[in-house]
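Each chain, letter by letter, is given below.
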Amino acid sequence: MNEPDTIREIRDAVARLCSDFPGSYWRELDATRGYPDAFVRRLTEDGFLGALIPEAYGGAGLGLTAAGVILEEIARSGGHPGACHAQMYTMGTLLRHGSQAQKSAYLPGIASGELRLQAFGVTEPGAGTETTAIRTFAERRGDRYVINGQKVWISRVEHSDLMLLLARTTPRDQVSRKTEGLSVFLVDLREAAGNGLTVQPIETMMNHHTTELFFDDLSVPADALIGEEGRGFRYILDGMNAERILIAFECIGDARFFIEHASAYASEREVFGAPIGRNQGVQFPIARAYADMRAAELMVHEAAGRFDAGESCGAEANMAKLLAADCSWRAGDTCLQTHGGFGFAREFDIERKLRETRLYQVAPVSTNLILAYLSEHVLGMPRSF
Ligand SMILES: Cc1cc2nc3c(=O)[nH]c(=O)nc-3n(C[C@H](O)[C@H](O)[C@H](O)COP(=O)(O)OP(=O)(O)OC[C@H]3O[C@@H](n4cnc5c(N)ncnc54)[C@H](O)[C@@H]3O)c2cc1C
């Protein structure tokens, strides 16, 4: 892809950093369910995790394309960007809708690595994909909000200092539109854990540090509210588009990892006295995966470009995530098939990467929901739910 020099330099610098964290590093964490502390620290110290934080607050002041390329390179190198990507996609909500006081209080610490904003609390067991059906409730009492409810699948809470939380501040049956009456809070997890917030880890098929949260009269100061009360759904929509685009970049990185490994192995592994890659039955699926990846990449960059230009990008963000997640999953399956039995051996990292990339068919938004969005909002077909 024809890239500006600055993007190419970022890509190369991240690739160099990642070479200090090889497959064995990620395999060990996967086996022990550990958090990549050393990697996240390095990524922060080298200025990459603060990519989206303005320079005035100690960040790099870059756009979403640059941030996406950072995550893509981590994935391409064989690493797992899911361990730290939330700091990037939550940033827009705080930057665009946070008060001056909130930004001054938190952004410099996040940029320096002193504070981590790695948790985004939206999903609930009773609501699922229907975000406006969430029931976690924040009730204003004097100069505080008291929060009660439950969340599920909230990742990295145990490794984060701060969490962006979506809660109802007006019951759904008292608002004229169900998207109203939702508010966003910046919760200080260091104060909350054990004082009204209980965190319960969930074991999953990949190393994702995800948890269930129980709020039992958690009291937060009123100035934890981001923007205006009741307008939180609008605030997080922007963040959701950023999240979809950034995860699409990760999927492109995963697809590149699989394609590079598949083509290298197909060229060197000899069976019947010749490299297996000489057989078109082996090489064509890899070539197809490459073409799919390049096509998806165009949509990912289109979506990020529109986001950076402040243009509407809902359709593009959704399509980028859909196409990139599909191509990484298919490339992973092809890579495993190319490796035959060795694809199942942990030391090749393929089975681990395949487990990691599978998530993106479901989270942060599942394939069906993207297709429903395109059907209704882009193609004008009847609303299905
Ligand atoms: C490992 C992991 C980490 C996560 N991290 C976070 C996090 O940090 N923060 C957070 O807030 N959330 C997080 N999530 C939640 C994630 O965003 C949700 O799992 C996802 O949005 C799907 O919601 P659900 O699981 O409730 O599925 P459901 O909404 O219950 O849907 C189940 C299935 O039914 C399909 N479906 C539902 N309704 C329709 C319909 N009308 N038409 C067609 N198909 C439909 C869906 O596509 C899906 O395949 C995480 C999830 C996982 C698994």
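Analysis parameters
- Every chain is numbered independently, its residues counted from 1 as its sequence is written.
- In keeping with the model being predicted, local features are shown solely for residues with a pLDDT of at least 70 and side-chain atom pairs are shown and tallied solely at 80 or more, while totals for entire chains, interfaces and linings include all residues.
- By the criteria applied, helices consist of DSSP H or I runs no shorter than four residues and strands consist of E runs no shorter than two, each listed in order from the N terminus.
- Restricting the calculation to C-alpha atoms gives the radius of gyration, and the globule rule supplies 2.2 Å times the number of residues raised to the power 0.38.
- The burial criterion counts other C-beta atoms lying within 10 Å of a residue's C-beta, which is placed from the backbone; the residue is buried at 20 or more, exposed at 12 or fewer, and partly exposed between these limits.
- Two residues qualify as being in contact provided that their C-beta atoms, derived from the backbone, are within 7 Å of each other.
- Pairing between two strands is assigned when DSSP locates at least 2 bridges connecting them.
- Any set of buried Ala, Val, Leu, Ile, Met, Phe, Trp, Tyr and Cys residues joined through C-beta atoms within 7 Å is what this text calls a nonpolar core.
- For every element, the axis is a line fit to its C-alpha atoms; helices are fit only across the contacting stretch, and the angle between N-to-C directions ranges from 0 to 180 degrees.
- Left-handed describes a crossing whose near helix is turned anticlockwise from the far helix through less than a right angle; right-handed describes the clockwise counterpart.
- Charged residues are taken to be Asp, Glu, Lys and Arg, nonpolar residues to be Ala, Val, Leu, Ile, Met, Phe, Trp, Tyr, Cys and Pro, and polar residues to be all remaining types, Gly included.
- The criterion for a residue being near a molecule or strand is a backbone-placed C-beta atom within 6 Å of that molecule or strand.
- Note that the domain bounds reflect an automated or database-derived domain assignment.

1. Here we look at the overall build of the protein
Inference 1: A tally of regular secondary structure across the protein gives 13 helices and 10 strands.
Inference 2: Since a compact globule built from 385 residues should have a radius of gyration of about 21 Å, the 21 Å found for the protein is in line with a globular shape.
Inference 3: Considering only C-alpha atoms, the protein reaches an extent of 80 × 50 × 40 Å along its principal axes.
Inference 4: Here the protein, with 385 residues, has 46% of them falling under the buried criterion.
Inference 5: Relative to all contacts within the protein whose residues are 6 or more apart in sequence, the contacts with residues 24 or more apart total 74%.

2. A look at the pairing of strand β7 (residues 210-221)
Inference 1: The pairing of strand β3 (residues 144-155) with β7 spans 9 bridges and is antiparallel. Opposite Lys151, over in β7, you have Leu213 as the bridge partner.

3. Comments concerning the nonpolar core
Inference 1: One finds Phe185, Ile245 and Val300 to be the most contacted residues of the largest nonpolar core, which totals 110 residues.
Inference 2: Counting residues per element, this core draws most heavily on helix α9 (residues 232-268), which supplies 19 residues.
Inference 3: Residue contacts for Val300: discarding those within four places in its chain leaves Ile245, Ala248, Phe249, Ile252, Ala320 and Ala324.

4. With respect to the packing of helix α4 (residues 64-76) against α9
Inference 1: Running from N to C, α4 and α9 cross one another at 35 degrees; their axes reach a closest spacing of 7 Å. Two packed elements cross with a definite hand, and for α4 against α9 that hand is right-handed. Of the residues in α9, those in contact with Leu64, Ala67, Gly68, Val69, Leu71, Glu72, Glu73, Ile74, Ala75 and Arg76 of α4 are Ala242, Ile245, Leu246, Phe249, Glu250, Ile252, Gly253, Asp254, Arg256 and Phe257.

5. Thoughts on the packing of helix α11 (residues 314-338) against helix α13 (residues 367-378)
Inference 1: It is the contact of α11 with α13, at a shortest axis distance of 10 Å, that shows an interaxial angle of 145 degrees. When the axes of α11 and α13 are compared, the crossing they make is left-handed. For the pair α11 and α13, contact is made by Ala315, Asn318, Lys321 and Leu322 and by Thr367, Ile370, Tyr373, Leu374, His377 and Val378, respectively.
Inference 2: Grouping the constituent residues of the contact of α11 with α13 by class yields 6 nonpolar, 3 polar and 1 charged.

6. As for the site of the ligand
Inference 1: Looking at the ligand, there are 23 residues lining it, with Val122, Gly128, Thr129, Trp153 and Ser366 nearest.
Inference 2: Counting only elements with at least two residues in the shell around the ligand, the list comes to β1 (117-121), β3 and α13.
Inference 3: Grouping the constituent residues of the shell around the ligand by class yields 12 nonpolar, 11 polar and no charged.
Inference 4: Counting residues domain by domain, the shell around the ligand receives three or more from each of domain 2 (117-232) and domain 3 (234-378).

7. Structural notes on the domain arrangement of the protein
Inference 1: Taken domain by domain, the protein holds domain 1 (5-112), domain 2 (117-232) and domain 3 (234-378).
Inference 2: A straight line from the C-alpha centre of domain 2 to that of domain 3 covers 31 Å.
Inference 3: Tallying the contact residues gives 10 residues for domain 2 and 8 residues for domain 3.
Inference 4: Residue composition of the side of domain 2 that touches domain 3, grouped by class: 6 nonpolar, 3 polar and 1 charged.

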